[in-house]
Amino acid sequence: CPSTEHAEKRIKAARRVSRLRPLLARVPARRTGPVPDDLDSLLEEVYPPRFHEVWDTPPAMPPELTADDVLAALAVSSPFSLYLRSAATLLVRPDEVEADDYVLDMRLFDGYPAKPGFLAPGGIGVLAAVDGELRTRGVWREGVLHEPGSPTFESARRLLLCALNTHLTTLLHNAVIHLGYVTPFSVATTNVLPPDHPLRRLLHPALQTTLVGNYQVAHLQILGSRAFASTVFSHDHATVMAMIDEALASFRVAHFDPDHRTAADGLVDAPVDLPLLRDRLALWAICLDYVDAYLGRHYPDEQSAIDDETVTRWLAELDRMLPAGLYDDEGYLPEGQPVGRDALVRLCATFLHVSSVTHDIVNNAVWNYSPLNHVIPTQVPASGEPQDIRATFDLVTTLIGTWKDYNMLLDGVSRLALDADDRVLMDEYVDALRQRQDEIDAAPPRPGRVNPRDLNPSVSN
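Here the structure is a predicted model, which is why all the values come from computation and not from measurement.

Draft legend 1. Structural context of the packing of aromatic side chains. Going through the model one piece at a time under the given rule, you end up with 14 aromatic pairs. Pairing Phe51 with Phe393 gives two aromatic rings, centres 6.2 Å apart and planes at 25°, and the pair type is stacked. One end of the pair, Phe51, is in helix 3 (residues 49-54); the other, Phe393, is in helix 15 (residues 389-401), and 342 residues separate them in sequence. Ring centres of Tyr181 and Phe256 lie 5.3 Å apart, and the angle between their planes is 45°; this geometry places the pair in the tilted category. Placement of the pair is Tyr181 in helix 5 (residues 153-192) and Phe256 in the loop between helix 9 (237-250) and helix 10 (258-264), with a sequence separation of 75 residues. Each member of the aromatic cluster is reached from another via a ring pair, and the members are Tyr181, Phe185, Phe251, Phe256, Trp314 and Phe351.

Shown next, in the form of structure tokens:
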């Protein structure tokens with residue numbers, strides 16, 4: 001219910017912070033020296049005691065960043081594992097990259113110049129599967145494979161990590177998930193599906209405060225030359241807008257369906273352990289089973305979903321509002337074919353999964369990886385020095401300034417049920433998530449776990 005989202009108050013707060021943020025950014029001198037090379041010293045500079053009053057959990061050093069092979073550890077256990085794919089799936093594969101390699105491909109930054117004084121991020125992380133594990137073979141950049149131990153490897157790896165940080169924070173998280181995907185779904189669902197429609201009740205937890213939250217994302221993090229996408233990272237505002245346009249033009253809903261994406265990335269039978277992918281797929285199975293059972297009550301067969309004129313209008317509005325439309329040429333949602341019950345299940349389950357699981361993963365990156373700029377930079381000075389600490393302070397200031405209260409998925413969703421049978425299904429869904437959490441708690445700890453207890457139902461609540 002919009003009246004419970006305090007939208008007017010939050011919009012005023014967003015406008016106030018957007019005015020204050022440039023002032024806060026002037027607290028440090030224009031140049032403040034390079035970031036320290038250890039976490040404790042970094043936090044002393046960018047996480048003053050007053051920030052603790054707003055958010056009392058400072059960024060922590062993920063174990064991947066202290067591993068012997070940092071790139072390989074990030075590729076399987078961190079949020080950056082979302083980019084891992086088999087080299088055999090690349091449409092254009094450099095000669096230095098073998099078909100049986102695995103890659104973190106950031107060539108999309110090619111052709112986008114960095115601001116004066118900085119090097120352009122990008123490249124391809126190239127990893128080989130050896131004895132059930134990934135090992136870094138090198139970083140391909142500008143026609144050369146820079147191998148570990150070579151004089152140019154650390155510089156090439158730094159630029160690749162900068163690209164991953166930039167893409168996940170600005171392009172994937174803010175532009176595609178928040179603004180390109182969730183905003184159209186929220187608007188179309190609210191405007192077309194009446195409050196008592198079963199699909200509206202299914203999706204509503206993922207709509208909680210998303211629109212006002214995404215207003216904050218747009219105004220504080222993307223729009224304008226002083227937004228942190230243009231000040232903290234490597235590209236000016238015009239270039240950021242061009243990159244966002246390209247990212248949105250290529251985005252398809254299918255890219256967020258975990259089954260479709262795992263197959264498209266060539267990871268179904270990967271001969272290596274991919275723990276974060278296993279976690280994602282386990283939670284995806286719970287969500288998919290829930291949505292299948294729920295919609296099965298209201299649409300007992302394919303045709304019954306096709307015959308629902310309200311759903312037809314909703315799909316048309318989604319197709320109109322999504323930046324590249326609802327349909328694709330990948331065989332996932334072919335244009336011109338009716339969307340039956342099975343396709344509707346995957347469409348709705350994917351939205352719920354992104355709003356909870358995928359967003360939790362990328363949100364974790366923004367706090368526990370993006371500010372650790374002594375390892376994962378947001379900018380790479382052409383001088384070869386570490387980035388200036390001012391950019392890290394700007395990043396942390398923005399994150400602290402946009403913190404807000406949120407709901408938790410395990411608090412339940414069944415109060416939205418239309419009837420007793422729907423309530424049972426909704427409660428069983430949350431119980432399955434709790435059972436998954438019990439399984440995680442009983443297992444030996446490992447980095448990169450996706451804990452159901454940490455999941456929010458929406459991206460912006």
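Draft legend 2. Spatial organisation of the pairing of strand 2 (residues 102-105). The alternating pattern of strand 2 places Tyr102 and Leu104 and Val103 and Asp105 on opposite faces, both of which are buried. Strand direction decides the pairing type here: strand 1 (residues 84-86) and strand 2, joined by 3 bridges, are antiparallel. Paired with Ser86 across the two strands is Tyr102, which belongs to strand 2. In the sheet, strand 2 pairs with strand 3 (residues 124-130) via 4 bridges, with the strands oriented antiparallel. Each residue of the ladder has a partner; that of Asp105, found in strand 3, is Ile124.

Draft legend 3. Focus on the sheet that holds strand 5 (residues 144-146). Spatially, 5 strands are ordered 1-2-3-4-5 in an open sheet, and the strand pairing comes out antiparallel. Unpaired on one side and paired on the other, strand 1 and strand 5 mark the two borders of the sheet. The sheet shows a mean angle of 35° between the axes of neighbouring strands, direction not considered. Bridge count between strand 3 and strand 4 (residues 133-141): 7 bridges; the pairing is antiparallel. Residue pairing across strands places Leu127 opposite Thr136, the latter belonging to strand 4. On top of the sheet, helix 4 (residues 70-77) reaches strand 1, strand 2, strand 3 and strand 4; it is set at about 110° to strand 4, its chief contact.

Draft legend 4. Examining the pattern of salt bridges more closely. Summed over the entire model, instances satisfying the criterion amount to 20 salt bridges. Salt-bridge contacts for Asp101 lead to Arg137; the nearest nitrogen and oxygen are separated by 2.7 Å. With Asp101 in the loop between strand 1 and strand 2 and Arg137 in strand 4, this residue pair connects regions lying 36 residues apart in the sequence. According to the relative accessible area criterion, Asp101 is buried, its value standing at 3%. Judged by relative accessible area, which is 26%, Arg137 ranks as partly exposed.

Draft legend 5. Just the environment of Pro377, in detail. Looking at the secondary structure, you find Pro377 in the loop between helix 14 (341-368) and helix 15. On the accessibility criterion, Pro377 (2% relative accessible area) is buried. It is 9.8 Å that separates the C-alpha atoms of Pro377 and Pro121, two residues lying 256 residues apart in sequence. For Pro377, the residues in contact, after removing those within four places along its chain, are Arg158, Leu161, Cys162, Asn165 and Gln387.

Draft legend 6. Layout of the pairing of strand 3. Within strand 3, 5 of the 7 residues are buried, which leaves the element mostly enclosed by the surrounding structure. The hairpin formed by strand 3 and strand 4 contains 2 residues between the paired strands, and Asp131 there has a positive phi angle of roughly 55°.

Scoring rules and cut-offs
- Residues numbered from 1 in each chain as written.
- Predicted model: local features only at pLDDT ≥ 70, side-chain atom pairs only at ≥ 80, totals over all residues.
- Heavy atoms only, no water.
- Phe/Tyr/Trp six-rings, centres within 6.5 Å; stacked < 30°, edge-to-face > 60°.
- Helix = DSSP H or I, 4+ residues; strand = E, 2+ residues; numbered from the N terminus.
- Buried < 20%, exposed > 50% of the residue type's maximum accessible area, 1.4 Å probe, protein only.
- Pairing = 2+ DSSP bridges.
- Axes fitted to C-alpha atoms, helices over the stretch in contact; angles between N-to-C directions.
- Contact = heavy atoms within 4.5 Å.
- Salt bridge = Lys/Arg side-chain N within 4 Å of Asp/Glu carboxyl O.

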